Structures are given as structure tokens and as C-alpha cells.
Amino acid sequence: MNKPNLLFPTPVWTLQLDNYKVVNEEMYDYIKKNQINDQKGITKSNIKGWHSKDFNLKQNEPQSFISFISPSIEQVMTDMNWEKEKQIVKINIMWAIINTGGAANLRHQHGNSTISGAYYVRAPNKCGVIVFYDPRPAAVYSHPNIKAPNFLNAQVNGISPKEGALVLFPSYLDHSVNENLSNDLVRTNSNIEEFDFLIVDQESKIITIKPGSWILKKTLITPPGYTLKAPAGLNLNLSGEF
């Protein structure tokens, strides 16, 4: 029996980019600086997690990142057979999300765009699968029972995050992010902005504990490459839940 024709497929590209580590470190530092300067962030689809304001796309780090992912976007244009000679690719908006333990993102989509993407600067194990939903209402609301999901009958599909991975998809496609169940507290979950007794020098990457007596009530997680310094006479009481 011949295989069925797929008349209206929904493409989702999962691309593992080469030489991503340098770019990831640059973007990590850039994102963390944004978080330190705007600890509250904004609320959209995020549950518990931190959502940045839109990046200034004229800054060096976003510009470098755009150059890094541009060949992948070019591949999407080629795969879709879109006319590239008379159209230009323009990235209109970019932001970052930091989902610490227990954080997730509600189901949503991105209007007024053609292609959207998710790129992973950090991706510890079990940090939250990105889930895509079948965009066809007829298939969702009326269907026979299935023995097991496959590429023809599945109504949801998930992609596990991986550092250096770029996921591109049609902007109309509903998606969500499962809860971060990771126990990996290294790097991704840096929380230095939550402690009033820290002085952070972004240029030298030195974190200094202010002189005095302080109570550390929860785990302090520093970002990568930073040095933590304590002055003489410091009294740091390690009490609370860790």
C-alpha cells in the first residue's frame, strides 16, 4: 500500500548549530545583565519564570546572535520555496526567558510574524520540553481512538531542549513549555539579584559580600566565570532551607 500524501504539513525545524559555545556565553552574560538591571521583567506566557523586555537589536550581542542563526533562517526560506530575491528576512523582536525550577510557559502563539524560534543558551536535563499543538481544529475536536501516537495522528508533539539547539516553526503554531523539573542548579538558575548584601561588578565579574552580619536563607547560585569575595569580619549565618 502506498504511503499517504501529506497535503498540508506543519514544518518544525530542529537544528543543532555548530560552534555555539562562544555565542552561548556571550548571550548568557548579556541576558544576565538584562535580568540584573530589570529583575521584575514582564509577564506574558511565563509562569514563575523571568521574561525579559524586548532586546535592543542594535546592540552588539543581539547583532552577533542574529548573524549566527541567519544561515538557519535562510534554510527555512529555501525549504519553503519562498521567493528570496524580492523579499527580505527581518527579525522584528527578540527576548529571553529564564525558567528556573518549577517555571513553565502557558500555551500561546506569536501573531504578526511568519516564523518564530526558540534557541537554548542553557538546557539542563528535564528543564522543560517545548510542546506544539495540532493547528487543525477538525482533527483536534473529532477523531477516533488511537492505539499509539504517530506522525499522522498525534495532536501534540514535544521537543526536548538542548544547548545550542534552534527550533524554528510557523508563528501561528500554538506551543507551550512544560515545567522545569531540573535539579541542576548550576549556572542557569543564578539568583544573585535576590540578595541585597551583594555588590556585583559586571566588568571584572567579581561579586563582593557587603561587610556586616547577614542571614543566608536559601541557596546562593552565582553565574559562570564570577568570583565571590568576602571581606574580613563578615558574619554570614547559614540558616534556612537549602
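Reading guide: rules and limits
Residues numbered from 1 in each chain as written. Predicted model: local features only at pLDDT ≥ 70, side-chain atom pairs only at ≥ 80, totals over all residues. Heavy atoms only, no water. Pairing = 2+ DSSP bridges. Helix = DSSP H or I, 4+ residues; strand = E, 2+ residues; numbered from the N terminus. Core = buried A, V, L, I, M, F, W, Y, C linked by side-chain atoms within 4.5 Å. Buried < 20%, exposed > 50% of the residue type's maximum accessible area, 1.4 Å probe, protein only. Contact = heavy atoms within 4.5 Å. Salt bridge = Lys/Arg side-chain N within 4 Å of Asp/Glu carboxyl O. Patch = residues over 30% accessible without salt bridge, like charges linked within 9 Å, V, L, I, M, F, W, Y side chains within 5 Å. Areas by Shrake-Rupley, 256 points an atom, 1.4 Å probe, with all protein chains shown as cover.

A. The arrangement of the sheet that holds strand E8 (residues 156-159) in detail. Taken together, 5 strands build an open sheet; the order of strands is E2-E5-E10-E7-E8 and the sheet is antiparallel. Pairing within the sheet leaves two strands with one partner each, and these edge strands are strand E2 (46-47) and E8. Bridge count for E2 against strand E5 (residues 104-108) is 2 bridges, and the pairing is antiparallel. When the sheet's bridge partners are listed, isoleucine 47 is paired in E5 with alanine 104.

B. Summary view of the nonpolar core. In this structure, Met27, Ile31, Phe55, Phe65, Phe68, Ile69 and Tyr119 are the most contacted members of the largest nonpolar core, which totals 24 residues. Ranked by residue count, the leading element in this core is helix H2 (residues 60-79), at 6 residues. Ignoring any residue separated from it by four or fewer positions in sequence, one finds phenylalanine 65 in contact with Val23, Met27, Met94 and Tyr119. Tyr120, Cys127, Phe169 and Leu173 belong to the second-largest nonpolar core, a separate cluster that totals 12 residues.

C. Geometry of the pattern of salt bridges. Taken as a whole, this structure holds 5 salt bridges when the rule is applied. Arginine 107 is the salt-bridge partner of aspartate 174, the closest N and O atoms lying 2.9 Å from each other. Taken together, the positions of aspartate 174 in the loop between strand E9 (165-170) and strand E10 (175-177) and arginine 107 in strand E5 put the pair 67 residues apart, joining distant regions of the chain.

D. Examining a nonpolar patch on the surface more closely. A contiguous nonpolar patch, built from Leu6, Phe151 and Leu152 and spanning about 340 Å² of accessible area, is present on the exposed surface. Structurally, leucine 6 is set in the segment before strand E1 (13-16).

The quantities given are spatial measurements derived from coordinates; they are silent on function.
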